[in-house]
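Structural overview for review
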Amino acid sequence: MAQVSLQNVKKIFPGDVVAVDSVSFGVESKEFMVLVGPSGCGKSTILRLIAGLETASEGNIYIGDRRVNSIPPKDRDIAMVFQNYALYPHMTVYGNMAFGLKLKKYPPEEINSRVKEAAAILGLERLLNRKPKELSGGQRQRVAVGRAIVRKPKVFLFDEPLSNLDAKLRVTMRTELHRLHIRLQCTMIYVTHDQTEAMTLGDRIVVIKDGIIQQVDTPTNVYNKPVNKFVASFIGAPPMNFLEGRIVSKAGRLYFDEGNFRIKIVEDMYDALADHVNVRVMMGVRSEDIYDKLFVSEAPPENIVTVTCEVVEHLGSEVYIHMSTGKHIFIARVSGDADPQINQDIDMVFDMSKIHFFDKATETTII
Ligand code: ATP
């Protein structure tokens, strides 16, 4: 059985706010599971339900093989790290880390050895006598993690723990958390609205929208095989480009007709698209799957689209080109050597083997 498992969990807040709707997923032992979705999608509520800080309106929550719905938070064998760290300002780092163990009446030697061990893991040894206000944001964040580690819980819960840090520190702390997971070999459930954090940290990702799970999968699968347009657009930066058009058939071949251009579809996709011929669909293409023709040695003419360059963003190793077909604006991420000029017409090559198609009405993936 999964270490943590939710079965048809629903949370309705007063005023009929359905924050979490029939959510089911399992987190395996030692797995790093990330819950990701836009603001208000219900991810924090799911974490708080696992922690016992909210009560489920329906469904079952298991930690290990124990149904914990009516077990108080302190008896669930979890430790939670909050966004604001929630450190006690009048206590030292040592005091903050030891506090939970003292409450549980652990022997002083045991408390001391656990705090010292956690401080060593997190590089906090020389800060143990400081108060939180004498620490940097990153150090405070480490203390909050330390306070969780000393409890040696079955499951760690993180609620947007990096969101108060500046962009650079967030990246550093993200790597630290990754290392910590490898070192501690424990089950972690992590909430974020940041898809990069989800992709880099998660063994698997739960993508949530409006309280409903969209997809539970590995980062690679969520990126390459999104189940619908929402997941395709939420995961990946810059987001996937979407172009609306019609699938047309001509002389036994299928094309995507955008109105201003027509592009040949690879034969491998014909079967999946059979029911969508002469139907309007959304074509999805990631920015890295569109190339500047100048840098492609052999491009089949039917894969080339002439577009107008509107905005160019130089990022050093790569260039983002915002371009227009006349109907749609989309972004290509090309090599840093490219030097497109604004308002210039350029030929772009679409890698049609990497294209996605979505049903226009339901927004589910066709292929
Ligand atoms: P964020 O990233 O902004 O923290 P979230 O995805 O974590 O968002 P939740 O905090 O879980 O979202 O909230 C989900 C929904 O439930 C939102 O519509 C929110 O307004 C609502 N909600 C959360 N807590 C309560 C509450 N105590 N009473 C009423 N509605 C609530």
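Look up a bit, the structure's there.
In this text, all values refer to a predicted model and were calculated from it rather than measured experimentally.

**Topic: the sheet that holds strand β5 (residues 66–67)**
On the basis of which strands lie adjacent, the open sheet formed by 4 strands has the order β2-β1-β4-β5 and antiparallel pairing. Sheet topology places β2 (17–27) and β5 at the edges, where each strand pairs with a single neighbour.

**Things to note about the side chain of E258**
Inspection of the secondary structure puts E258 in the loop between β12 (253–257) and β13 (262–264). We note that E258 is buried and unpaired, the nearest opposite charge coming from K327 at a distance of 5.9 Å. Looking at E258, its side chain comes within polar contact range of the main-chain nitrogen of N260, at 3.2 Å. One polar contact links E258 to T325, side chain to side chain, over a distance of 2.6 Å. Setting aside residues no more than four positions away along its own chain, E258 makes contact with L243, E244, G245, T325, K327 and H328.

**Regarding the site of the ligand**
Looking at the ligand, the residues that line it are F13, V17, A19, P38, S39, G40, C41, G42, K43, S44, T45 and E160. Backbone polar atom of G42 to an oxygen atom of the ligand: 3.0 Å apart, as the coordinates give it. Here S44 contributes a side-chain N or O atom positioned 2.7 Å from an oxygen atom of the ligand. Relative to its free-state accessible area of 640 Å², the ligand is covered by the protein chains to the extent of 59%. Listing elements by their share of the shell around the ligand, those giving two or more residues are β2 and α1 (43–51). Among the elements that line the shell around the ligand, the one with the most residues is α1, at 3 residues. For the shell around the ligand, the residue count by class is 5 nonpolar, 5 polar and 2 charged.

**Let's talk about the pairing of strand β9 (residues 204–209)**
Summarising the sheet, strand β3 (residues 32–36) and β9 pair through 4 bridges and their orientation is parallel. Residue pairing across strands places L35 opposite V206, the latter belonging to β9. Pairing geometry for β9 and strand β10 (residues 212–217), over 5 bridges, is antiparallel. Counted as the bridge partner of K209 is I212 from β10. Hairpin geometry of β9 and β10 is characterised by an intervening segment of 2 residues between the two adjacent antiparallel strands and by a positive phi of about 50° at D210.

**Some remarks on the pattern of salt bridges**
Side-chain pairs of opposite charge can arise where the charged atoms are in close proximity. Counted according to the given criterion, the structure contains 14 salt bridges. Between R48 and E54 there is a salt bridge, with its nearest N and O atoms 3.3 Å apart. A residue is classified by how much of its surface remains accessible, and R48, at 28% relative accessible area, is partly exposed. The partner of R280 in a salt bridge is E244, with the nearest N and O atoms 2.9 Å apart. Within this pair, whereas R280 is found in strand β14 (residues 280–285), its partner E244 is found in strand β11 (residues 241–250), the two being separated by 36 residues in sequence. We classify R280 as partly exposed; its relative accessible area is 34%. For E244, a relative accessible area of 25% translates into the label partly exposed. Through salt bridges that share partners, E244, R280 and K360 make up one connected network.

About the criteria used
Residues numbered from 1 in each chain as written. Predicted model: local features only at pLDDT ≥ 70, side-chain atom pairs only at ≥ 80, totals over all residues. Heavy atoms only, no water. Pairing = 2+ DSSP bridges. Helix = DSSP H or I, 4+ residues; strand = E, 2+ residues; numbered from the N terminus. Buried < 20%, exposed > 50% of the residue type's maximum accessible area, 1.4 Å probe, protein only. Lys, Arg positive; Asp, Glu negative; His and termini not counted. Salt bridge = Lys/Arg side-chain N within 4 Å of Asp/Glu carboxyl O. Polar contact = N/O pair within 3.5 Å; in protein donor to acceptor, adjacent residues only side chain to side chain. Contact = heavy atoms within 4.5 Å. Near = heavy atom within 4 Å. Areas by Shrake-Rupley, 256 points an atom, 1.4 Å probe, with all protein chains shown as cover. Nonpolar A, V, L, I, M, F, W, Y, C, P; charged D, E, K, R; others polar.

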